[in-house]
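Commentary on secondary and tertiary structure
Here's the letter readout for the chains.
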Amino acid sequence: MEMKELENKRTAVLLSGGVDSSVVVYELVKAGLQPDCFYIKIGPEEEEEWDCSSEEDLEMATAVAHKYGCRLEVVDCHREYWDQVTRYTMDKVRAGLTPNPDVMCNRLIKFGAFHEKRGHDYDLIATGHYAQTETDDGYKWLVTSPDPVKDQTDFLAQICDWQLRKALFPIGHMMKDEVRRIAEQEHLVSARRKDSQGICFLGKINYNDYIRRYLGEQPGDVIELETGRRIGQHRGLWFHTIGQRKGMGFGGGPWFVVKKDIDRNIIYVSHGYDPDTAYRDVFQIRDFHWLTLPIEQLQDYREGEPMNITFKIRHTPEFHQGSLLRTGEGNFIVRSTTRIHGVAPGQFCVVYDACHHRCYGSGEITV
């Protein structure tokens, strides 16, 4: 959306205290707008030591809002995060799957719970995501950022169509270096802050410690897939993911996690630095969520035929080429032109057009 189209639009900015959302405020004010800023407080539970809402984050968000004369309001989505995103995460890992909490945070919290509490008063909700939108024939599409390393369309591929219509990404057309340069020129307090890493609500908390707190341990056997030989014992399926090599703790390695037997509580591993069993070129996805249009209305779709696509199964700069074939309502088979490492059930497969420009949506990998 061009800045000139924002006139008379009530705009909210989700201001985290990081450099990206800080530059969003600058860009909107530079365009002549006076957005209202909101700091979303999230976290998994009530105990202060597990609360991800950093005092430093809020201080920086406050400083940025004050610098540009914008109102800042703290919106407490603490309980909603626990009830929805954290519960989703625990349910998935308990089932031996590989969830992505940050994907669901965008749908359920940033564009969900926030909208229910305050966002319904605004025409647009602006964030610091590296993503863009374009409108064609009245339809709004999520499209990739020119910065392949920072592109975050994969994290947005589960938002609802009405959420996409309200979404605004003012820095989505920029490279990260340009955002940093603007922040330094503007003397923003967040200019040199490091990008956040890992799951948003954990902060400095170790992921396995967090999982152990809620799910405990459930020891089981670790078996070499090719030979059936017992290698050792794991402490719980939920501490390991398909494709994992580091942190296994067994001698004679390296060992790759290649399969989980949920019912028998067994992890299967293969030996070597790059075993063939760690790769797949065909897998299934279910419950596909279409962002803008259902598959029947896509120009490249032909009933009963595979559709050429690009896709991602994790947050990386690379896009894989392949095809998408519908097998049922919301169910598809993905065939990749190359073998992919670490395809894990529970991950989201994010699907794009053949030139990885428009993001069509995403579904959960099953097998």
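This section reports on the structure supplied with the text. (Residues numbered from 1 in each chain as written. Predicted model: local features only at pLDDT ≥ 70, side-chain atom pairs only at ≥ 80, totals over all residues. Heavy atoms only, no water.)

Describing helix α2 (residues 55-67)
The condition that has to hold: Helix numbers and strand numbers start at the N terminus; a helix is a DSSP run of H or I with at least 4 residues, a strand a run of E with at least 2. Expected span of a helix: the number of residues minus one, times 1.5 Å. Only protein chains enter the accessibility calculation, which uses a 1.4 Å probe; a residue whose area is less than 20% of its type maximum is buried, one above 50% is exposed, and one in between is partly exposed. By definition, the arc is the one covered by directions from the helix axis to the C-beta atoms.
Across its 13 residues, α2 extends 18 Å between first and last C-alpha, which sits within 8% of the 18 Å expected from 1.5 Å per residue. Among the residues of α2, D57, M60, A61, V64 and A65 are the ones counted as buried. What you see down the axis of α2 is that its buried residues fit within an arc of 135°, all on one side. Seen from the buried face of α2, the exposed residues on the opposite side, beyond 90 degrees, are E55 and H66.

Looking at the sheet that holds strand β9 (residues 230-234)
The condition is simple: Only strands that DSSP links by at least two bridges are regarded as paired with each other. In this analysis, axes come from line fits to C-alpha atoms, helices being fitted only over the stretch in contact, and the angle between any two N-to-C directions falls in the range 0 to 180 degrees.
Here four strands make up an open sheet; going across it, the order is β9-β8-β11-β10 and the pairing mixed. Of all the strands in the sheet, just β9 and β10 (255-261) have a single pairing partner and so form its edges. Within the sheet, the average angular offset between the axes of one strand and its neighbour, ignoring direction, is 30°. Taken together, the four bridges between strand β8 (residues 220-224) and β9 define a ladder with antiparallel strand orientation. Counted as the bridge partner of D221 is Q233 from β9.

Thoughts on the packing of helix α1 (residues 19-30) against helix α7 (residues 176-185)
Rule in force here: If an angle is under 35 degrees, it is roughly parallel; if it is over 145, roughly antiparallel; if it lies from 65 to 115, roughly perpendicular; otherwise it is oblique. By convention the crossing between two helices is left-handed if the near helix lies anticlockwise of the far one by an angle smaller than a right angle, and right-handed if it lies clockwise. Residues are treated as being in contact if the distance between any of their heavy atoms lies within 4.5 Å. Residues are grouped as follows: nonpolar covers Ala, Val, Leu, Ile, Met, Phe, Trp, Tyr, Cys and Pro; charged covers Asp, Glu, Lys and Arg; every other residue, Gly included, is treated as polar.
One way to put it is that α1 packs onto α7 with a least axis distance of 10 Å and a crossing angle of 65°. When the axis of α1 is compared with that of α7, the two are roughly perpendicular. As for the relative orientation of α1 and α7, their crossing is left-handed in sense. Residues V19, D20, V23, Y26 and E27 of α1 lie in contact with α7, whose contacting residues are K176, V179, R180, I182 and A183. Partitioning the contact of α1 with α7 into residue classes produces six nonpolar, no polar and four charged.

Things to note about the packing of helix α3 (residues 78-94) against helix α4 (residues 101-117)
Two quantities define a packed helix pair, namely the angle between the helix axes and the distance between the axes. It is the contact of α3 with α4, at a shortest axis distance of 10 Å, that shows an interaxial angle of 160°. Classed by the angle they form, the pair α3 and α4 counts as roughly antiparallel. As for the relative orientation of α3 and α4, their crossing is right-handed in sense. Between α3, through E80, Y81, Q84, V85, Y88 and T89, and α4, the contact on the second element is made entirely by P101, M104, C105, L108, I109, A113 and K117. Class assignment for the residues of the contact of α3 with α4 results in nine nonpolar, two polar and two charged.

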